[in-house]
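For reference, the chains in residue letters:
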Amino acid sequence: MAPAILLSDAYPKDDIANTTAEATKTLDLTKEKDVGLMHRSLVELPYEVVSASGSYIHLSSGASILDGCAGAAVAIVGHGNKEVLAATVAQMEKVSYIHTASYVTSSAEDLANFILEVPPGGFQHGLEKAYFCGSGSEANDAALKLARQYFFEQGQPQRKWYVSRRQSYHGTSIASMSVSSNLPRRIPYQDILMPNVAFVSPAYAYHDQRATETEEEYAGRLIAELESEFQRIGPENIISFIAEPIVGATSGCVPAPKGYFTGVRQVCDKYGILLHLDEIMCGMGRTGTYFAFEQEDIQPDLVAIGKGLSGGYAPVSAVLISKKIVDVLKAGSAAFNHGHTYQSHPVTCATALAVQRIVRRENLIQRCALLGMLLEKMLIDAFSDCRFVGNIRGRGLFWGIEFVKDKATKETFAPSQHFGYNVQQKAFKLGLAVYPGAATVDGVRGDHVIVAPPLNISVVDLGKIVRLLKEAYTQEESQIATL
Ligand SMILES: *Cc1c(COP(=O)(O)O)cnc(C)c1O
């Protein structure tokens, strides 16, 4: 049974655009002094967090921030959950480290079984095994190597190419960044990244679907482009195609047009190319189904998961592997030629298992789908008439708002104007965290913010996110109007 969700809780009677009481108070946002830690920026210091609970983060200055983006779409069960704490401590009391060459713990085995289990009537994903590592980048690296080994063992060592999409992010290691196109993150390393990667167009209807095209025709055009890229490289030389079912941080919660992923699956199958989906940000219930690809009705060969897997309580990610790949390895070398010191870590797996048990017991994915419909309605009501809001898109509790300078031409703001970043900063000053993004459109131009709260956020707080974000946007809009 999904919990009842009352629309009236989120929707105040008054106009949602009105300045709210929350928005008028001034937060103390003092930052910490610089010390030995290499922060993300050497000049701009972060805020010190002293505690966090539920959907709120508490700063050392005394200010509380409503976590409207769950970090980076990570904290799916919110912060400070005591049940997760207890499961973590209990595992540490039993055993905190083993080396997987000789040993295993039940926490890793139980987590694998739990996340791969298909409930009665559930979606048949065809995934048979889970390989646990410590970060999303590591999970994608492992998937890239596993895909290569799959062909190597079948006597096809000439398969060396990976095909990915522009406007995508798959990680920060050399290999995972090589298949990413997120330009700002790549620039200093361009010349040392893997050369055997080709890129095709993103599935990005707002900018790329032609006025004369239906959604299906647009999808068809993208599939044709993918197939001709396969032909150009020589399909017998390609290992895998890599894609995020819903593009996350790079362009802000962009779902693919109808029919795109079924077409991708068919073209990959035609040439024996593996389909590697990156669900690190959009998976684990975030879009209202357990996997985002369920809504595309396809079975991938490899899936990388991360962020929501442990909800941020431990650094743990996984590659999920289809039967087809497991069978080839079994018949060949019988081992994945890869390993990490911390793979299948007893404690991080126990922690993630506790998080996943909460998600299942509290029906948080079903709740996410319902709350997602409410969030969609609230965002459209609040933002669709705004002068600089070009597009509102997403699924479940994973929504992006894209800002443009001109709605008619979809012309973007100058990157130096930092429109999206300014909206995020203004929201923060009002006590709301959202995830900002720039270079949305092509790696240089464009602005967006992402709303991706914990899946167990209250309906009241969901309404508050929309009101505070609208207030921040309105402040930024009026500043521009008076320039
Ligand atoms: C965050 C992310 C990654 C990288 O994960 P890390 O844990 O930061 O290494 C890869 N792909 C996608 C889609 C992501 O959102």
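Given the structure is predicted, the values throughout are model-derived calculations rather than measurements. Along each chain, residues carry numbers from 1 onward, in the same order as the chain's sequence is written. With the structure being a predicted model, the display of local features is reserved for residues of pLDDT at least 70 and the display and counting of side-chain atom pairs for 80 or more, all residues being used for whole-chain, interface and lining totals. Here the side-chain values reflect all heavy atoms present in the structure, with hydrogen atoms and water set aside.

Right, let's talk about the overall build of the protein chain for a bit. A run of H or I in DSSP counts as a helix once it spans at least four residues, and a run of E counts as a strand once it spans at least two, with each numbered from the N terminus. For the protein chain, the count of helices and strands is 17 helices and 17 strands. The C-alpha extent of the protein chain, read off along each of the three principal axes, is 65 × 60 × 50 Å. Split into buried and exposed, the 483 residues of the protein chain put 55% on the buried side. Long-range contacts, defined here as pairs at least 24 residues apart, represent 73% of the contacts in the protein chain between residues at least 6 apart. Entry remark: accessible area of the protein chain is about 20500 Å², with carbon and sulfur atoms responsible for 55%. This count recognises Lys and Arg as positive and Asp and Glu as negative, with His and chain-terminal groups excluded. A single reference atom marks each charge: NZ on Lys, CZ on Arg, CG on Asp, CD on Glu. Of the side chains in the protein chain, 44 bear a positive and 51 a negative charge, and the two mean positions are spaced by 1 Å. Note on exposure labels: buried denotes an accessible area under 20% of the residue type's maximum, exposed denotes more than 50%, and partly exposed covers the range between, all computed with a 1.4 Å probe on protein chains only. The criterion used for residue contact is that any of the two residues' heavy atoms lie within 4.5 Å. The protein chains shown are the only cover counted for residues, whose accessible areas, like all others here, come from Shrake-Rupley with a 1.4 Å probe.

Right, let's get into the site of the ligand. Around the ligand, a shell composed of Ser135, Gly136, Ser137, Asn140, Tyr169, His170, Gly171, Glu244, Asp278, Ile280, Met281 and Lys307 is seen. Taking lysine 307, its side chain carries an N or O atom lying 2.6 Å from an oxygen atom of the ligand. Protein chains bury 82% of the 380 Å² of accessible surface belonging to the ligand in isolation. No other element matches the three residues that helix α6 (residues 136-152) contributes to the shell around the ligand. In this classification, Asp, Glu, Lys and Arg are treated as charged, Ala, Val, Leu, Ile, Met, Phe, Trp, Tyr, Cys and Pro as nonpolar, and every other residue, Gly included, as polar. The class makeup of the residues in the shell around the ligand is three nonpolar, six polar and three charged. Nearness is judged by heavy atoms alone; a residue qualifies as near a molecule or strand once a single heavy atom is within 4 Å of it. Under the rule applied, a polar contact is a pair of N or O atoms within 3.5 Å (in protein, one hydrogen donor and one hydrogen acceptor; residues adjacent in sequence only if both atoms are side-chain atoms).

Only Phe, Tyr and Trp rings are paired, with Trp represented by its six-membered ring, and only when their centres lie within 6.5 Å; those with planes under 30 degrees apart are stacked, over 60 edge-to-face, the remainder tilted. Evaluated as defined, the whole model comprises 16 aromatic pairs. Both rings, one in phenylalanine 230 and one in tyrosine 271, keep their centres 6.2 Å apart while their planes meet at 90°; by these two values the pair is edge-to-face. Of this pair, phenylalanine 230 sits in helix α10 (residues 215-233) while tyrosine 271 sits in helix α11 (residues 260-271), placing them 41 residues apart in sequence. With a relative accessible area of 16%, tyrosine 271 lands in the buried category. Three or more aromatic residues joined by ring pairs form one cluster here, namely Phe383, Phe388, Phe403, Phe413, Phe419 and Tyr473.

Read from one edge of the open sheet, four strands run β1-β2-β3-β15, paired in mixed fashion. The sheet is open, and its two edges are formed by β1 (49-53) and β15 (432-433), each paired on a single side. At least two DSSP bridges between two strands are needed for those strands to be called paired. Where strand β2 (residues 56-59) and strand β3 (residues 64-67) come together, three bridges link them in antiparallel fashion. When the bridges of β3 are listed, tyrosine 56 appears paired with leucine 66.

It is worth spelling out the sheet that holds strand β13 (residues 389-395) at this point. The strands making up a sheet associate through hydrogen bonds between their backbones, and the pairing can be parallel or antiparallel. Read from one edge to the other, the open sheet built from four strands follows the order β13-β14-β17-β16, with strand pairing classed as antiparallel. With partners counted over all chains shown, the strands left at the sheet margins are β13 and β16 (435-438), one partner each. Adjacent strand axes in the sheet meet at a mean angle of 20°, parallel and antiparallel pairs treated alike. Bridge analysis of β16 against strand β17 (residues 447-451) gives four bridges, and the strand direction is antiparallel. Residue pairing across strands places tyrosine 435 opposite isoleucine 450, the latter belonging to β17. Along the sheet face, helix α16 (residues 419-429) touches β14 (398-403), β16 and β17 and points at about 35° away from the line of β17. Axis geometry follows a simple rule: fit a line to the C-alpha atoms, using only the stretch in contact for helices, then measure angles between N-to-C directions, giving values from 0 to 180 degrees.

Oppositely charged side chains can pair when the atoms bearing their charge come close. Throughout this description, the term salt bridge denotes a Lys or Arg side-chain nitrogen within 4 Å of a carboxyl oxygen of Asp or Glu. Inspection of every chain in the model, using the stated rule, returns 17 salt bridges. Of the charged contacts, one joins arginine 361 and glutamate 83 as a salt bridge, the two residues approaching to 2.9 Å between their closest N and O atoms. Here arginine 361 is found in helix α14 (residues 346-361), whereas its partner glutamate 83 is found in helix α4 (residues 82-94), with 278 residues between them in sequence. Classification of glutamate 83 by relative accessible area gives partly exposed; the value is 35%. Residue aspartate 301 pairs with lysine 324 through a salt bridge whose shortest N-O separation is 3.2 Å. Of this pair, aspartate 301 sits in the loop between β10 (274-278) and β11 (302-305) while lysine 324 is found in helix α13 (residues 323-331), placing the two residues 23 residues apart along the sequence.

This part is about the packing of α4 against α14. Viewed as axis vectors pointing N to C, α4 and α14 meet at an angle of 150°, and their least axial separation amounts to 8 Å. Taken together, α4 and α14 sit at an angle that is classed as roughly antiparallel. By crossing handedness, the relation of α4 to α14 is classed as right-handed. In contact with Glu83, Val84, Ala87, Thr88, Gln91 and Met92 of α4, α14 contributes Pro346, Val347, Ala350, Thr351, Ala354, Val355, Ile358 and Arg361. Per-class residue counts for the contact of α4 with α14 are nine nonpolar, three polar and two charged. If an angle is under 35 degrees, it is roughly parallel; if it is over 145, roughly antiparallel; if it lies from 65 to 115, roughly perpendicular; otherwise it is oblique. Two helices that cross are described as forming a left-handed crossing if the nearer one is turned anticlockwise from the farther one by less than a right angle, and a right-handed crossing if clockwise.

Take α6 next. What a helix should span is 1.5 Å times the count of its residues minus one. The end-to-end C-alpha distance of α6, which contains 17 residues, comes to 24 Å, matching closely the 24 Å that a straight helix rising 1.5 Å per residue would cover. Judged by how many residues are buried, α6 sits mostly within the fold: 13 of 17 residues are covered.

The subject of this paragraph is the domain arrangement of the protein chain. The split into domains, and so the bounds of each, comes from an automatic or database assignment of domains. Taken domain by domain, the protein chain holds domain 1 (7-80 + 364-481) and domain 2 (82-361). Once you take the C-alpha centre of each, domain 1 and domain 2 turn out to be 27 Å apart. Domain 1 puts 40 residues into the contact, and the matching count from domain 2 is 38 residues. Here's the idea: put two parts together, see how much 1.4 Å probe accessible area each one loses, and the total over both is what we call buried area. For the pair domain 1 and domain 2, the two sides together bury roughly 3200 Å², of which 61% comes from carbon and sulfur.

Of note, alanine 334 is a non-glycine position whose phi angle comes to about 65°, a positive value. For histidine 418, which is not glycine, the phi torsion reads 50° and is therefore positive. Note that histidine 418 resides in the loop between β14 and α16.

Bringing the environment of glutamate 411 into the picture now. You can see glutamate 411 is positioned in the loop between β14 and α16. Glutamate 411 sits in the partly exposed class, given a relative accessible area of 41%. For the pair glutamate 411 and arginine 445, spaced 34 residues apart in sequence, the C-alpha separation works out to 9.2 Å.

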